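In case you want the letters, here they are:
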Amino acid sequence: MKLDRKDILKALETITIAGEGKNMVESGAIANVITFGDEVVVDLVLHTPAMHIKKRAEDDIKKTILELVSPDAKIKINSKVEVPDKPEIKGKSIPGIKNIIGVASGKGGVGKSTVTANLAVSLAKMGFSVGILDADIYGPSMPIMFDVESEKPISVTVDGKSKMKPVESYEVKILSIGFFTAPSQAVIWRGPMASKALNQMIFDADWGELDFMLVDLPPGTGDIHLSIVQSLPITGVVIVSTPQAVALADAKKGVSMFMSEAINVPVLGIIENMAYFTPEELPENKYYIFGKEGARNLSEDLGVPFLGEVPIVQSIREAGDYGRPAAMQTGSVIETVFEQITRNVVQETVNRNESLPATEAVKITTMAGCSTVNKK
């Protein structure tokens, strides 16, 4: 059978590269198609070096040609990665901070703050210098999780200016609105007040040299998220979700916000929290209380990396309540779990920095909505 190039291009118009809206032909991912009898050679151009994106694209091309054109076609795919040159960081960066990672969730109660705290101590154990900005203005929990509720940031003079010195615990520098309010006091602020407080903790603080700043974002997609992306060039975000459908629906919205054209912040991946329960007396058993592999499947559907899963373990909750993150439990299952997830986050950050231009700060305007602009 002789294959027709037009038939193949028409078939390839039915599929897309994961994470892109246009089909492969329209987006230019299919650079060329050559046919020789029953053989076809497809030149594929990708704009991300992620191996799972490349493999999925190649598998989709083969499957589509075999199903829509000819089941006997002999297919060869030549894949090439082309990435844009990396410009200098634009936007109002913080001197000395190399990577700013947002930790977000679509809804509350999925353990986002717990994951942030354990990522931070795992990074510190690996030798990185780490800071946490607790941007969950209305529910700050980092002072509790690091056992520093009674601490207060002190004022230091840097280059003639008075700045806040972050509170340090377990080799992690922390700033939170919780340091400035009583434990029983509710923060009743409108969006502009919350944004102003955040900006003070970001730019009026002596963070020093950090390899990673983790930003613990509040649930949802609201004012605080816009304030953060407006203020800072975020390196990337990590999405935390539990496996059940109601949490995944909101996680999907979170991913959509950051990947939207207006915001355009890279999503480093998804972490599945409360993935399963294993009783201490039955270590081989796994009970999928909230559903099985929901976040893993969502990451595949959205074309973003899956960073790992955290089981339901009583000691994680206890450790958070007592102010000593569970990842510090040497030799435990939880230490191993968070160590692997943290390694994946670091690797995705490296991949992102090697392949993508620096994220720009975003300008939010009342009349025009969200638009990405160059900030001087």
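On a predicted model such as this, the values are computed, not experimentally measured, just so you know. (Residues numbered from 1 in each chain as written. Predicted model: local features only at pLDDT ≥ 70, side-chain atom pairs only at ≥ 80, totals over all residues. Heavy atoms only, no water.)

Examining the pattern of salt bridges
- Tallied over the entire structure, the rule returns seven salt bridges.
- Across the pair lysine 55 and aspartate 59 runs a salt bridge, and its minimum N-O distance is 2.9 Å. Taken together, the residues span about one helical turn, with lysine 55 and aspartate 59 both in helix 2 (residues 51-68) at a distance of four residues.
- Here lysine 55 falls in the exposed class, since its relative accessible area comes to 53%.
- The exposure class of aspartate 59 is partly exposed, given its relative accessible area of 36%. (Salt bridge = Lys/Arg side-chain N within 4 Å of Asp/Glu carboxyl O. Helix = DSSP H or I, 4+ residues; strand = E, 2+ residues; numbered from the N terminus. Buried < 20%, exposed > 50% of the residue type's maximum accessible area, 1.4 Å probe, protein only.)

A look at the packing of aromatic side chains
- Throughout the structure, instances matching the rule amount to three aromatic pairs.
- Between the aromatic rings of phenylalanine 146 and tyrosine 170, the centroid separation amounts to 6.1 Å while the plane-to-plane angle is 40°, which identifies the pairing as tilted. A residue pair is termed long-range when its members are at least 10 positions apart, and phenylalanine 146 in the loop between helix 4 (142-145) and strand 6 (154-158) and tyrosine 170 in the loop between strand 8 (167-169) and strand 9 (172-176) qualify at 24 residues.
- The class of tyrosine 170 is partly exposed, set by a relative accessible area of 27%.
- Lysine 286 extends its terminal NZ or CZ atom over the ring of tyrosine 276, reaching a point 4.5 Å from the ring centre. (Phe/Tyr/Trp six-rings, centres within 6.5 Å; stacked < 30°, edge-to-face > 60°. Lys NZ or Arg CZ within 6 Å of the ring centre and 35° of its normal.)

Regarding unusual backbone geometry
- Here the phi dihedral of aspartate 147 falls at roughly 55°; this positive angle occurs in a residue that is not glycine.
- Structurally, the position occupied by aspartate 147 is in the loop between helix 4 and strand 6.

Observations regarding a nonpolar patch on the surface
- Judged by side-chain polarity, Phe277, Leu282, Tyr287, Ile289 and Phe290 come together as a nonpolar surface patch covering roughly 430 Å² of accessible area.
- Structurally, phenylalanine 290 can be placed in the loop between strand 12 (267-277) and helix 8 (294-302).
- Exposure remark for phenylalanine 290: the relative accessible area of 32% places this residue in the partly exposed category. (Patch = residues over 30% accessible without salt bridge, like charges linked within 9 Å, V, L, I, M, F, W, Y side chains within 5 Å. Areas by Shrake-Rupley, 256 points an atom, 1.4 Å probe, with all protein chains shown as cover.)

As for the packing of helix 1 (residues 5-12) against helix 2
- It is at 9 Å that the axes of helix 1 and helix 2 come closest, and there the two elements cross at 120°. Taken together, helix 1 and helix 2 sit at an angle that is classed as oblique. At the point where helix 1 passes helix 2, the crossing takes the right-handed sense. Between helix 1 and helix 2, the residues in contact are Ile8, Ala11 and Leu12 and Ile61, Thr64, Ile65 and Leu68, respectively.
- Per-class residue counts for the contact of helix 1 with helix 2 are six nonpolar, one polar and no charged. (Axes fitted to C-alpha atoms, helices over the stretch in contact; angles between N-to-C directions. Parallel < 35°, antiparallel > 145°, perpendicular 65-115°, else oblique. Left-handed = near helix turned anticlockwise from the far one by under 90°. Contact = heavy atoms within 4.5 Å. Nonpolar A, V, L, I, M, F, W, Y, C, P; charged D, E, K, R; others polar.)

A word on the sheet that holds strand 2 (residues 39-46)
- Pairing within the open sheet is mixed, and its three strands lie in the order 1-2-3. Across the chains shown, the open sheet's two edge strands, defined by having one partner strand only, are strand 1 (30-36) and strand 3 (74-81). Pairs of neighbouring strands in the sheet enclose a mean axial angle of 15°, with direction left out of account.
- Taken together, the eight bridges between strand 2 and strand 3 define a ladder with parallel strand orientation. Bridging from a neighbouring strand, valine 41 pairs with lysine 76 of strand 3.
- Relative to strand 1, helix 1 is tilted by about 140°, and along the sheet it contacts strand 1 and strand 2. (Pairing = 2+ DSSP bridges.)

Comments concerning helix 9 (residues 314-322)
- Along helix 9, the positions that sit buried rather than exposed are Ser315, Ile316, Ala319 and Gly320. Seen along its axis, helix 9 keeps its buried residues to an arc of 135°; they face one direction. Away from its buried face by more than 90 degrees, helix 9 exposes Gln314 and Tyr322.
- Those residues of helix 9 hidden inside the fold are in contact with helix 3 (112-125), helix 4, strand 13 (306-312) and helix 10 (333-355). (Arc of directions from axis to C-beta.)

Concerning the confidence of the model for the protein
- Here the protein averages 79 in pLDDT, and 85% of its residues register 70 or above.
- Across residues 86-91 the pLDDT falls below 50, and counting only partners more than four positions away or on other chains, this stretch makes 15 contacts in the model. (pLDDT = per-residue confidence, 0-100.)

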